[in-house]
Amino acid sequence: MMNDIMESVESQEEIARETIKHALKALKKRHLVEEGAHAPAYIALSRPIISQGSEWKEKAEKLEVELQQCYKAQSRLSEQLVVEVAESRALKGSLQEKETAIAEMEKELNETRDECSRLEVDLGEKITALKLMMSEHQELKSQLEQLTIKAKNAEAENKMLVDRWMLQKMQDAERLNERLKASGLEKLAREQVEGIVRRSEEGAEFFAESTVPSVCWHRINAHEGGCASILKVAELERELNETRDECSRLKMDLEEKITALELMMSEHQELKSQLEQLTIKAKNAEAENKMLVDRWMLQKMQDAERLNERLKASGLEKLAREQVEGIVRRSEEGAEFFAESTVPSVCWHRINAHEASSSNNLFVWDVNSGRVRHTLTGHTDKVCAVDVSKVSSRHVVSAAYDRTIKVWDLQKGYCTNMIIFHSNFQSLCFSTNGLTIYSGHVDGNLRLWDIQTGKLLSEVAAHSLAITSISLSRNGNVVLTSGRDNLHNLFDKRSLEVCGTFRATGNRMASNWSRSCISPDDNYIAAGSADGSIYIWSIIKADIVSTLKEHTAPVLCCTWSGLGKPLASADKNGIVCTWT
Amino acid sequence: MEAHKYVWEGAIPLQIHLHESQVTTLPPPPPALILAPRIGYLPLLAPLIKPYFSSTLPPGVDTIWFEYKGLPLKWYIPTGVLFDLLCPEPERPWNITVHFRGYPGNVLIPCEGEDSVKWSFINSLKEAAYIINGNCKNVMNMSQSDQLELWSSVMSDFELYLWFLEGNLEAYQRVSSKLKIATVEDEYTSFYASKSQQGIGETDLAGQVKTGRVAVRLYVWSVSEDFDDLEDMPQPDSWEKISYINRPVEIQKEGKCFTLHDALKVLLPENFPDESLNVKLAAVDFENTLKIPSEDVSSDKVGEEQEQNAYKQVGASCVSGSAEIKLIRIQGIEPKLEIPFSWVVNNLMNPDYFLHICVCVKVPK
């Protein structure tokens, strides 16, 4: 049984395999008969179609590309066309304008031509008039010539007649002489004849000079009174000529004067106009100046405010108090040793400020090494006053002619605050607490400023003229101000009232920066004068105590040493004296 | 698979004539010679045919349709099937006529070019998937690119006369394997695997779910006359004579091999009124000199033994008055009835997972 099943299974499989083989064979046969046989031929036959198809495709693509190019060209051409049309329109418009312009110009031309012809006519008329005048002139000239000839002729005739008359007279005289020779009236006769001859000579002159023939002619006929009348006529003629000459001279003079006057008038006019222009210019310049000053002031105030704000925000500074303080102290004591230049101030700052005045910088010197420690730049004009804070020796204030006060921090090396004021500062002084500054101004006012806010605390009129220096007393209660009005005032710091005034007859301020100072015991005031002497007042007595004469040149400044003595003074020649 | 390759590459030489009603030039254009793939569809050939005739066509809109000897060809039937069905004696080249006007809307459903064919193909695929898997989710969920790839792999060699089909076959197999449409278990296919194609085919078969259901499209035409040779077989001249049966076949594993014959019995039971008789008779008729007819119906063994010496021809004649199957054609071949059906299904099915079988049946008058 199993074998049978196995066999049947096997035979099944065999059958299956056989049939499958048969099917595959049939498929193969089909392939050979159908596509196998026909494919090559069909492919060969269809190739032309395919290739044609591809050819057509290529052609179509080429044509498409060409078409695109044509479109592009067309669009370009149409753009060009648009441009050309626009241009032609513009040209037409301009052409129109030009035509109208031409028409107008033609009209103008005609008008001018008419004017021209009119002017020609006028000219013709004027020419004829001129010709007439010329011919008249000619006639007058010829007339004049004729008259002159006539006059000459008349002269010649005159002369001839005079000669004849003379001859006649001579003959008469000779006859007379013959007759009178015996009688001895010769003398008389000779005198008469001589007189006549002389007179006739005189008259002949006058005749020669006359130019008016008609008057002479009449005169010859009237014998007796002939000479006199001839003389008179001649005189008259002479006078007439003289007057005429004078007249002409006067005329010429007058003309000259007139021309001169005209010239002068024109010059005058020019000068007047120039003056006007200059006044205008001056006015403009003034106005501009004012405006600029105002603007600059404003700018400076703004800058100062900005600076102030910015600097307030900055952090705290480190202290190198000792060093700077030491410098300050040492400088106070040995300050006189720095005053070896012609600078009026003895303060060490001031020297350097002036040395650097051309660059408007401040230099901070190390006393020990003698080298510049800091260079503080920022001022735009000469620095005129400097002071160091007595509290923290790293704060320095400087005032310059740019109307600003700058507060510097030596630690940081730059300006920490700035105050602007319209009246220029002349001198500065730190207060004892180091928070306020006293500033003396050109307008004679003493002003107090708060350093940190930069605000004006108070002001007081200290002098009628500019303040030259401010110095503080040791105890800090009193401020000494000196002004160009040759006064020294003491102000109470708190009330800002004058508590003392000092003057002396010979005491005159030597310069704008003359420095005076209070003694350390607050009893005396010392001030230099232009005559070379130093005056010392006692505060208590309010009177001069002594006068020190040594300097030969105006004393520019003096200062008391912190110890009480010596007093040092410097003059314009650069000499420093110390007094004990 | 050699069989797969043959099936995929199969093409029918066509000689396509333009119908005279549409010839407007003299001389009339020569017929177009075109190789039409068996697994393809006729409307897909339109781009190849048009260049031949475009110059001679009368002006107007073109709607292409084919006819063979007066019978308009249904465009959704694969070309190979049409050829097998309508040409009992294969006519090579096959002379069909093309029309560009006068679409016979009463006979043919409308076709609007490649898209209609594509959707018809996808529809068949869905049907097959439903039959085989029980649902067509896998086809519905196919991604667009996969769909396109599937279609193009099927269609690509329709357009080009380039037979680089290994690639296309691979592409098709790659995409279709994604569908995981179950295949029939078939131990025979691997036997005859060719070295070049073994890789994909085997893994495909090995990794897929096995099923017992097969999608089958059956085209049966009935003839009333008797004939001896294929050449004398009358050709179908009307679709009414052709019946189109869409019936699934369930492969039963009952120890013995399920043959094509068994499948046909399932599909066309009326043709096999007495199955054993038929088989026996067939065997007897054929081998009447060799075998003794056995009365024992159940001795299948004997029957099978007898079947071992199977006839070379296909035709099984029957003396009884019932219909008899004269001709069975699948993919242009006539396989033996004893061939394992599983092999047939796995190797001879169309890309739409359907097995198209053409059957000629003689019915008594």
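Here the structure is a predicted model, which is why all the values come from computation and not from measurement.

Asker: Please give an account of the overall build of chain A that cites residues and values.
Answerer: Secondary structure assignment for chain A yields seven helices and 21 strands. Counting only residues that meet the buried cut, chain A has 36% of its 580 residues in that class. Pairs at least 24 apart in sequence give 44% of the contacts found in chain A among residues at least 6 apart. Taken as a whole, chain A presents about 36,500 Å² of accessible surface, with 56% of it coming from carbon and sulfur.

Asker: Give me the overall build of chain B: which residues, what numbers.
Answerer: What chain B contains, in helices and strands, is twelve helices and 13 strands. Within chain B, buried positions represent 56% of all 365 residues. For chain B, the exposed surface amounts to about 16,100 Å²; the carbon and sulfur share of it is 53%.

Asker: Explain the interface of chain A and chain B to me, and be specific about the residues and the numbers.
Answerer: Interfaces are often described in size by the accessible area the parts lose on coming together. Taken together, the contact pairs 29 residues of chain A with 43 residues of chain B. The junction of chain A with chain B conceals about 3,300 Å² of combined surface from both sides, 70% of it contributed by carbon and sulfur atoms. Remark: the boundary between chain A and chain B carries two salt bridges. In this structure, E34 of chain A and R92 of chain B form a salt bridge, with 3.2 Å as the shortest nitrogen-oxygen distance. One can count six residue pairs in polar contact (both at pLDDT 80 or more) joining chain A with chain B. Residue composition of the side of chain A that touches chain B, grouped by class: 13 nonpolar, eight polar and eight charged.

Asker: I'd like to hear about the packing of aromatic side chains, residue by residue, with values.
Answerer: Residues and elements named next belong to chain B. The full count for this structure, using the stated rule, is nine aromatic pairs over all chains. Geometrically, the ring pair formed by Y52 and F53 is tilted, given 6.3 Å between the ring centres and 45° between the ring planes. Like F53, Y52 is buried. Judged by centre distance (5.5 Å) and plane angle (35°), the rings of Y219 and Y244 are tilted. You can see Y219 sitting in strand β9 (residues 216-223) and its partner Y244 sitting in strand β10 (residues 242-246), a full 25 residues away along the chain. A relative accessible area of 3% means that Y219 is categorised as buried.

Asker: Mind laying out the pairing of strand β5 (residues 94-99) of chain B, listing which residues take part and the relevant values?
Answerer: All names here are of chain B. β5 sits mainly inside the fold: five of its six residues count as buried. Taken together, the five bridges between strand β1 (residues 11-18) and β5 define a ladder with parallel strand orientation. Bridged to Q15 within β5 is N95. Alignment of strand β3 (residues 65-68) against β5, held across three bridges, turns out to be antiparallel. From the neighbouring strand, E67 faces β5, where its bridge partner is T97.

Asker: Pulling in residues and values, what's your account of the sheet that holds strand β16 (residues 524-528) of chain A?
Answerer: Residue and element names in this part refer to chain A. Reading across the sheet, the four strands line up as β15-β16-β17-β18 and stay open at both edges, with antiparallel pairing between neighbours. The strands lining the two open edges of the sheet, one partner per strand, are β15 (516-518) and β18 (543-549). Each strand of the sheet is rotated relative to its neighbour by a mean of 20°, with strand direction disregarded.

Asker: Provide a residue-level description of the environment of S464 of chain A, including the pertinent values.
Answerer: Structurally, the position occupied by S464 of chain A is in the loop between β10 (456-461) and β11 (467-472). Each C-alpha atom of the pair S464 of chain A and N445 of chain A lies 8.3 Å from the other, and the pair is 19 residues apart in sequence.

Asker: Give a description of a negative patch on the surface that names residues and reports values.
Answerer: Residue and element names in this part refer to chain A. A grouping of E104, E108, E111, D114 and E115 is seen on the molecular surface, where their side chains present a negatively charged patch. Turning to its location among the elements, E115 is positioned in helix α1 (residues 2-181). Take E115: its relative accessible area is 44%, and that puts it in the partly exposed class.

Asker: Tell me about helix α12 (residues 341-348) of chain B, residues and numbers included.
Answerer: Counting buried residues in α12 of chain B gives eight out of eight residues, a clear majority hidden from the surface. Taken as a whole, α12 of chain B has its buried residues at F341, S342, W343, V344, V345, N346, N347 and L348 of chain B.

Asker: Can you explain helix α2 (residues 46-53) of chain B? Please cite residues and give values.
Answerer: Counting along an α-helix, one turn takes 3.6 residues, and residues three or four places apart therefore face a common direction. Buried within α2 of chain B we find A46, L48, I49, Y52 and F53 of chain B. The buried residues of α2 of chain B occupy an angular sector of 160° when projected down its axis, which confines them to one face.

Asker: Give a detailed account of the side chain of Q22 of chain B, specifying residues and quantitative values.
Answerer: Tracing the backbone through its elements, the reader meets Q22 of chain B in the loop between β1 and β2 (32-37). Q22 of chain B has contacts with T56, L57, P58, H99, F100 and R101 of chain B, leaving out every residue within four places of it along the chain.

Asker: Can you tell me about a nonpolar patch on the surface, naming the residues and giving the values?
Answerer: Taken together, the side chains of M2, I5, M6 and V9 of chain A define a hydrophobic patch exposed on the protein surface, amounting to about 380 Å² of accessible area. Following the sequence through the fold, M2 of chain A ends up in helix α1.

Asker: For the nonpolar core, give the residues involved together with the corresponding values.
Answerer: All names here are of chain B. By size, the foremost hydrophobic cluster in this structure holds 61 residues, and its most contacted members are F341, W343, L348, L355, I357 and V359. Here the element with the most residues in this core is helix α4 (residues 114-133); it accounts for eight residues. Residues A36, L82, L85 and W221 belong to the second largest nonpolar core, which totals 39 residues.

Asker: Describe the sheet that holds strand β13 (residues 488-492) of chain A, with residues and values.
Answerer: Residues and elements named next belong to chain A. Judged by pairing direction, the sheet is antiparallel, and its four strands sit side by side in the order β11-β12-β13-β14 without closing on themselves. Each edge of the open sheet is held by one strand with a lone partner, namely β11 and β14 (498-502). Direction aside, neighbouring strands of the sheet carry axes that sit 20° apart on average.

Asker: Go over the confidence of the model for chain B with me, naming the residues and quoting the values.
Answerer: As a note on interpretation, predicted positions should not be read in detail where pLDDT is low. Residues and elements named next belong to chain B. Across chain B, the average pLDDT comes to 72, with 68% of residues at or above 70. A low-confidence stretch, residues 157-167 stays under pLDDT 50, and its non-local contacts, those more than four residues away or across chains, total 30 contacts. Across residues 190-208, confidence stays below pLDDT 50; counting only partners more than four residues off in sequence or on other chains, it has 28 contacts. Interface predicted TM-score (ipTM) for the complex: 0.72; the corresponding pTM is 0.42.

Asker: Please set out the confidence of the model for chain A residue by residue, giving values where relevant.
Answerer: All names here are of chain A. When pLDDT is averaged along chain A, the result is 77; 79% of the residues meet or exceed 70. Across chain A, the element-wise mean pLDDT spans from 34 in helix α7 (residues 348-355) up to 88 in α1. Considering only residues more than four positions removed or in separate chains, one finds that residues 203-230, a stretch of pLDDT under 50, has 41 contacts.

Asker: Go over the packing of helix α1 (residues 2-9) of chain B against α12 of chain B with me, naming the residues and quoting the values.
Answerer: All names here are of chain B. Here α1 crosses α12 at 50°, and the two axes come no closer than 8 Å. With respect to each other, α1 and α12 are oriented oblique. The residues of α12 that touch α1, namely those facing A3, H4 and V7, are W343, N346, N347 and L348. Partitioning the contact of α1 with α12 into residue classes produces four nonpolar, three polar and no charged.

Asker: Before we move on, can you summarise the pattern of salt bridges with the specific residues and values?
Answerer: Counted by the stated rule, this structure contains 13 salt bridges over all chains. The partner of R306 of chain A in a salt bridge is D303 of chain A, and the shortest N-O contact between them spans 3.2 Å. Residue R306 of chain A and its partner D303 of chain A are both found in helix α4 (residues 226-313); the two are separated by three residues, about one turn of the helix. Members of the salt-bridge network, linked through shared partners, are R30 and E34 of chain A together with R38, D84 and R92 of chain B.

Asker: Describe in detail unusual backbone geometry, supporting the description with residues and values.
Answerer: All names here are of chain B. Following R92, the chain continues into P93 via a peptide bond in cis, with omega recorded as 0°. Assignment of secondary structure puts P93 in the loop between α3 (79-86) and β5. One non-glycine residue, Q331, lies in positive phi territory at about 50°. Overall, the relative accessible area of 7% leaves Q331 in the buried class.

Asker: Before we move on, can you summarise the side chain of Q426 of chain A with the specific residues and values?
Answerer: Secondary-structure assignment places Q426 of chain A in strand β7 (residues 425-430). When sequence neighbours within four positions are dropped, the list of residues in contact with Q426 of chain A reads C384, A385, Y401, G440, H441, V442, A466, I467, T468, N512 and W513 of chain A.

Cut-offs applied
- Residues numbered from 1 in each chain as written.
- Chains lettered and ligands numbered in written order.
- Predicted model: local features only at pLDDT ≥ 70, side-chain atom pairs only at ≥ 80, totals over all residues.
- Heavy atoms only, no water.
- Helix = DSSP H or I, 4+ residues; strand = E, 2+ residues; numbered from the N terminus.
- Buried < 20%, exposed > 50% of the residue type's maximum accessible area, 1.4 Å probe, protein only.
- Contact = heavy atoms within 4.5 Å.
- Areas by Shrake-Rupley, 256 points an atom, 1.4 Å probe, with all protein chains shown as cover.
- Buried area = accessible area lost by both parts, 1.4 Å probe.
- Salt bridge = Lys/Arg side-chain N within 4 Å of Asp/Glu carboxyl O.
- Polar contact = N/O pair within 3.5 Å; in protein donor to acceptor, adjacent residues only side chain to side chain.
- Nonpolar A, V, L, I, M, F, W, Y, C, P; charged D, E, K, R; others polar.
- Phe/Tyr/Trp six-rings, centres within 6.5 Å; stacked < 30°, edge-to-face > 60°.
- Pairing = 2+ DSSP bridges.
- Axes fitted to C-alpha atoms, helices over the stretch in contact; angles between N-to-C directions.
- Patch = residues over 30% accessible without salt bridge, like charges linked within 9 Å, V, L, I, M, F, W, Y side chains within 5 Å.
- Lys, Arg positive; Asp, Glu negative; His and termini not counted.
- Charge placed at Lys NZ, Arg CZ, Asp CG, Glu CD.
- Arc of directions from axis to C-beta.
- Core = buried A, V, L, I, M, F, W, Y, C linked by side-chain atoms within 4.5 Å.
- pLDDT = per-residue confidence, 0-100.
- Parallel < 35°, antiparallel > 145°, perpendicular 65-115°, else oblique.

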